[in-house]
Amino acid sequence: MSAVNERLAELAELGRHENGIDRALGTPQERAARERFAAWARARNYALTQDRVGNLFARRAGTREGARPILVGSHLDTVPTGGAYDGAYGVVAAICALEALDERNAATEHPVDAVAWVGEEGGRFLLGCLGSSVFTGAHDVERALSLQDSEGVTLRDALASPEGGLLDGVPMREEMRVAAYVELHVEQGPVLEREAVPLGVVTAIAGQRRYRVVIDGTSGHAGTVPMARRGDALCAAAELILAVERAAIVAGESVATVGRLVVEPNGTNVIPARTTFSVDIRSPHDDRIEAVEKALREAATEAQARRRVNTSVERLESRAPAPMDPKLRATLHKAVAALDLKAIDVPSGAGHDAMCLSRIAPTAMLFVPSIGGRSHVAEEETSPEDLETGVTALVASIIEVDKFVI
Ligand SMILES: [Zn+2]
């Protein structure tokens, strides 16, 4: 087994239980993964540092005095019942890439840091991309440390505990300005497999908006209230849900999901009085997200006028699309083409640490195929050959990016 596959298998044992892998930030299992990363870095004498939220940086020195580092990495945490590849792959590949540069005696002008971001999944402390958002200044470090989990444990306390805390004997990172960021990740979707290509260069990470919709109607006896007199909150919800689905199809390159629906009182012979449901809209194009939101609001207004119900649409979260750097994308394509490998442009529907990094430095992402397009489940998988191809492409990309960035 090659190093990348061996190490992923090692990490997959940390936090493994019968339904998958669980490595939430600040748990012993997640800390063990950070320890493993630290051990790999120490074995090669890469300068290892951490920051106050636990992000880890393993630096291979560059040749030019004062040059900013190129950062390469991903995250070590998982969703509950997660798989072995989401995040972990990009971190392991980054370390393998540094080693490959050693083996070739390849000097780079810029230092290259393999990075393990903490808390990307946002399960325990309810803030996605926690580590990278603090690193890039999108979130204040003190505020992040004050976040609490469902048991009331703060991130500050979790990171101070010996079980899940910061690593012993690893110095704190100095301030750094970043030359570029490259993240290698599993696709988590079906496009590369369907197109039978080993690599994708990400065009943009989709923006996302989330809503809570509440429809208030009038309850009543399912047998006695005539159809014309009803204010059925579930029938109104059905119209809104289908309107959102249609709007996403019409807009194109966008997806919309109603994943949660609560019906009250939820009785077989009672007309629904209230429905509450979630709407999640994503697209790499902000105007298309806007168009789907508009359709949702219009459908709500229309249902209210026609159906004896009150509707409210509340936007809970809004994240702008993050386009990847065009020049860096071209650089990655060039690096991959020189290896005689095929790569296509793909958007990313899922969020990544690269979203945060793209606000402070030229950023690009490489994808490898996910078997069956499955992800965030124990069964997520990428073939060992594709995993190795990804590392090869990452090494070539680092060498090209080193020539191109300031
Ligand atoms: Zn991920």
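Refer to the structure above for everything that follows.
Residues numbered from 1 in each chain as written. Predicted model: local features only at pLDDT ≥ 70, side-chain atom pairs only at ≥ 80, totals over all residues. Heavy atoms only, no water.

Asker: Break down the overall build of the protein for me, citing the residues and quoting the values.
Answerer: When you go through the protein residue by residue, the secondary structure sums to twelve helices and 16 strands. Computed over the C-alpha atoms, the radius of gyration of the protein is 24 Å, within 12% of the 22 Å expected from 2.2 N^0.38 for a compact globule of 406 residues. Dimensions of the protein, computed from the C-alpha atoms along their principal axes, are close to 80 × 45 × 35 Å. In the protein, buried positions account for 53% of the 406 residues. (Helix = DSSP H or I, 4+ residues; strand = E, 2+ residues; numbered from the N terminus. Rg over C-alpha atoms; globule rule 2.2 N^0.38 Å. Buried < 20%, exposed > 50% of the residue type's maximum accessible area, 1.4 Å probe, protein only.)

Asker: Report on the nonpolar core, specifying residues and quantitative values.
Answerer: Core analysis: the biggest nonpolar cluster contains 60 residues, and F37 and Y89 have the highest contact counts within it. The element contributing the most residues to this core is helix α3 (residues 88-103), with twelve residues. With residues near it in sequence (within four places) discarded, Y89 still touches V4, L8, L184, H185, V186, V368, D386, L387, G390 and V391. (Core = buried A, V, L, I, M, F, W, Y, C linked by side-chain atoms within 4.5 Å. Contact = heavy atoms within 4.5 Å.)

Asker: A description of helix α9 (residues 286-307) should follow, citing residues and the corresponding values.
Answerer: Helix length check: α9, at 22 residues, gives a terminal C-alpha distance of 31 Å against a target of 32 Å (1.5 Å per residue), a fit within 8%. Along α9, the residues that are buried comprise I289, V292, E293, A295, L296, A299, A300 and A303. Considered in projection along α9, the buried side chains sweep an arc of 150° and stay on one side of the axis. Summarising the geometry of α9, the exposed residues directed more than 90 degrees from the buried face are D287, K294, T301 and A305. Directly after α9, the chain includes R308, whose backbone phi takes a positive value near 55°. (Expected span 1.5 Å × (residues − 1). Arc of directions from axis to C-beta.)

Asker: Explain the coordination of the zinc ion residue by residue, including any values.
Answerer: For a metal with four donors in a tetrahedral arrangement, the ideal angle between donors is 109.5 degrees, while six donors in an octahedron ideally sit at 90 or 180 degrees. Only H75 (NE2), D86 (OD) and H185 (NE2) from the protein coordinate the zinc ion, and they sit 2.0 to 2.2 Å from it. Here the donor residues of the zinc ion are spaced in sequence according to H-x10-D-x98-H. In this pair, H75 is assigned in strand β5 (residues 70-75) and D86 in the loop between β5 and α3, connecting sequence segments eleven residues apart. An identical accessibility class is assigned to H75 and D86; each is buried. (Donors = N, O, S within 2.8 Å, 3.2 Å for Na, K, Ca; no water.)

Asker: Could you give an account of the side chain of Q188, naming the residues involved and the relevant values?
Answerer: In this structure, Q188 sits in the loop between β7 (180-186) and α7 (191-195). On the basis of relative accessibility, which here comes to 17%, the residue Q188 falls in the buried class.

Asker: Could you give an account of the pattern of salt bridges, naming the residues involved and the relevant values?
Answerer: Following the criterion strictly, the structure yields 33 salt bridges and no others. For R124, the salt bridge identified is with D149, shortest N-O distance 2.9 Å. Placement of R124 in the loop between β6 (112-117) and α4 (130-135) and of D149 in the loop between α5 (141-145) and α6 (155-160) is noted, with a sequence separation of 25 residues between them. Between R210 and E317 there is a salt bridge whose closest N-O contact spans 2.6 Å. Note that R210 is positioned in strand β9 (residues 207-216) and E317 in strand β13 (residues 310-319), a separation of 107 residues in sequence. (Salt bridge = Lys/Arg side-chain N within 4 Å of Asp/Glu carboxyl O.)

Asker: Tell me about the packing of helix α1 (residues 3-12) against helix α2 (residues 28-43), and please be specific about residues and values.
Answerer: Where α1 meets α2, the axes come as close as 10 Å, and the angle between the chain directions of the two elements is 150°. With respect to α2, the axis of α1 lies roughly antiparallel. The hand of the α1/α2 crossing is right-handed. Packed against α1, whose contacting residues are R7, E10 and L11, the element α2 presents A33, R36 and W40 at the interface. Of the residues belonging to the contact of α1 with α2, the class tally is three nonpolar, no polar and three charged. (Axes fitted to C-alpha atoms, helices over the stretch in contact; angles between N-to-C directions. Parallel < 35°, antiparallel > 145°, perpendicular 65-115°, else oblique. Left-handed = near helix turned anticlockwise from the far one by under 90°. Nonpolar A, V, L, I, M, F, W, Y, C, P; charged D, E, K, R; others polar.)

Asker: Mind laying out the packing of aromatic side chains, listing which residues take part and the relevant values?
Answerer: As enumerated under the stated definition, the model contains four aromatic pairs in all. Taking the centre distance of 5.6 Å and the plane angle of 35° together, the rings of F57 and F135 count as tilted. One end of the pair, F57, is in strand β4 (residues 56-60); the other, F135, is in helix α4, and 78 residues separate them in sequence. On the numbers, 6.1 Å between centres and 65° between planes, the contact of W117 with Y181 is edge-to-face. Taken together, the residues W117 in strand β6 and Y181 in strand β7 connect sequence positions 64 residues apart. The pair W117 / Y181 is uniform in exposure class, with both members buried. (Phe/Tyr/Trp six-rings, centres within 6.5 Å; stacked < 30°, edge-to-face > 60°.)

Asker: Give a description of the packing of α1 against helix α12 (residues 384-404) that names residues and reports values.
Answerer: The geometry of α1 relative to α12 is characterised by a closest axis approach of 9 Å and an angle of 115° between their N-to-C directions. Viewed along their axes, α1 and α12 adopt a mutual orientation that is roughly perpendicular. In terms of crossing hand, the pair formed by α1 and α12 is right-handed. Contacts from V4, N5 and L8 of α1 reach α12 at P384, L387, E388 and V391. Residue classes in the contact of α1 with α12 are distributed as five nonpolar, one polar and one charged.

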